[in-house]
2 protein chains.
Amino acid sequence: MRPALDPTLYLVTDTALAGARGVPDIVRAAVAGGVTAVQVRDKTASRRELYALTLAVREVLAGTSGVALFVNDAVDVALLAGADGVHIGQDDLPPAEVRALLGPDRLLGLSAGSDAEMAATLALPPGTVDVVGVGPVWSTPTKPDAGTGLGPEGVAALAAQARAAGLSTVAIGGIDAARAAAVTGVDGVCVVSAICAAPDPGAAARALRSALGTAAVR
Amino acid sequence: MRPALDPTLYLVTDTALAGARGVPDIVRAAVAGGVTAVQVRDKTASRRELYALTLAVREVLAGTSGVALFVNDAVDVALLAGADGVHIGQDDLPPAEVRALLGPDRLLGLSAGSDAEMAATLALPPGTVDVVGVGPVWSTPTKPDAGTGLGPEGVAALAAQARAAGLSTVAIGGIDAARAAAVTGVDGVCVVSAICAAPDPGAAARALRSALGTAAVR
């Protein structure tokens, strides 16, 4: 059985932004502040470093109730570290192959930022993907290659296709507490710098939760 | 059962050195010239690109008799692409964990370039590692971070420890046809640029095989 996923406030980690404070401590504070899912992402780490980082974050999450842990891209690391799932982008291993490696009991997230990418996502066999990351909502300095933003309306239109197919959706790209309320039509929002670069990650998470309100589906 | 491995002349691919000729065509020519094992290595490729490249090389090797195919570092790609094994370095996922993911029926290679690294390798549970890459013999432009060379005597001394434990050994680092005869005490030699950068990769492989002679163990 796949782990439960509450995508309301989904933190994607950034080792460089975390700096000396370290990713695990930021995750601890952010979860205390209301983060509901965590993805460990570090495109520059060696696989051994990513494995160690994932284990450290998993340890932080062990005391929480149902905060799902994803690993970006590295299926082998996710399997070894006992993560709840993997998140892949369009340049990573193909979704059907990743699902084959993951087996039925882990979550798979996939990024989709255009009608074509969403159509490809929805053409996958049912049960391949669990959650679709839609964006960027706005252009973002943490992912300069992600292109200009789709805007909240563009994201909501793409997300509607995924939700009609029964998939969870999260919006990503340039979201912070001031902008979060403008993001609608998704099951949750992803943030990177709004928490990882915040002076107080716990307070930043609380501010985001407050801005998002209490609706289970936005 | 693990695939057979003939490590006599072990090619490690380099996409940049291959250039427009492409890695698969170089592998084809090299195997025709006498290469006995191939490792797909591309540290800059996305996982999707590495997967596609590995499938292409696997297709080339399908018509050969027992040329083992390794993937560098990416266990997930190796599993998906149906490779015979994985080769890892000291900064990659830990060997015991990689073996757990690979299962018993694939080959695992590990790099060791010092007494400490060899001691750690030999301390692993039997059956974890199949082949040890020992080097660099000489310093090499294709791996500038690999340090100064151990020299043929240093490599032979390290390899002797692995061979006493029943592991296969290959020497790596700066080996070409002119230098190959100086490398002794190992079961085979690895080359990168001596084939990938050669104007005629097939002729380069033949020259290497000729220089290595016919001894099964050097």
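Our subject is the structure listed above.
Each value, and the rule that gives it
Residues numbered from 1 in each chain as written. Chains lettered and ligands numbered in written order. Predicted model: local features only at pLDDT ≥ 70, side-chain atom pairs only at ≥ 80, totals over all residues. Heavy atoms only, no water. Pairing = 2+ DSSP bridges. Helix = DSSP H or I, 4+ residues; strand = E, 2+ residues; numbered from the N terminus. Contact = heavy atoms within 4.5 Å. Buried area = accessible area lost by both parts, 1.4 Å probe. Salt bridge = Lys/Arg side-chain N within 4 Å of Asp/Glu carboxyl O. Buried < 20%, exposed > 50% of the residue type's maximum accessible area, 1.4 Å probe, protein only.

Participant: I'd like a description of the pairing of strand β7 (residues 168–171) of chain A, backed by residues and values.
Facilitator: Residue and element names in this part refer to chain A. In this structure, strand β6 (residues 131–134) lies alongside β7, joined through four bridges in parallel fashion. When the bridges of β7 are listed, glycine 133 appears paired with valine 170. The pairing of β7 with strand β8 (residues 188–191) spans two bridges and is classified as parallel. Bridging across to β8, alanine 171 finds its partner in valine 189.

Participant: Can you tell me about the interface of chain B and chain A, naming the residues and giving the values?
Facilitator: Residue-level contacts link 19 residues of chain B with 19 residues of chain A. A buried area of about 1800 Å², summed over both sides, lies between chain B and chain A, and 63% of it is on carbon and sulfur atoms. When the area that chain B buries against chain A is broken down by residue, the three leading residues are Arg47, Arg48 and Leu93 of chain B, summing to 36%. For the interface between chain B and chain A, the tally reads four salt bridges. A salt bridge links arginine 47 of chain A to aspartate 76 of chain B; the nearest nitrogen and oxygen atoms lie 3.3 Å apart.

Participant: For the pattern of salt bridges, give the residues involved together with the corresponding values.
Facilitator: Should their charged atoms come close, side chains of opposite charge can pair. A complete count under the given rule lists 18 salt bridges over all chains for this structure. Residue aspartate 130 of chain B pairs with arginine 99 of chain B through a salt bridge whose shortest N-O separation is 2.9 Å. Of this pair, aspartate 130 of chain B sits in the loop between α6 (115–122) and β6 (131–134) while arginine 99 of chain B sits in helix α5 (residues 95–102), and the two are 31 residues apart along the sequence. No difference in accessibility class separates aspartate 130 of chain B from arginine 99 of chain B, as the two residues are buried. Through salt bridges that share partners, Lys43, Arg47, Asp73, Asp76 and Asp92 of chain A together with Lys43, Arg47, Asp73, Asp76 and Asp92 of chain B make up one connected network.

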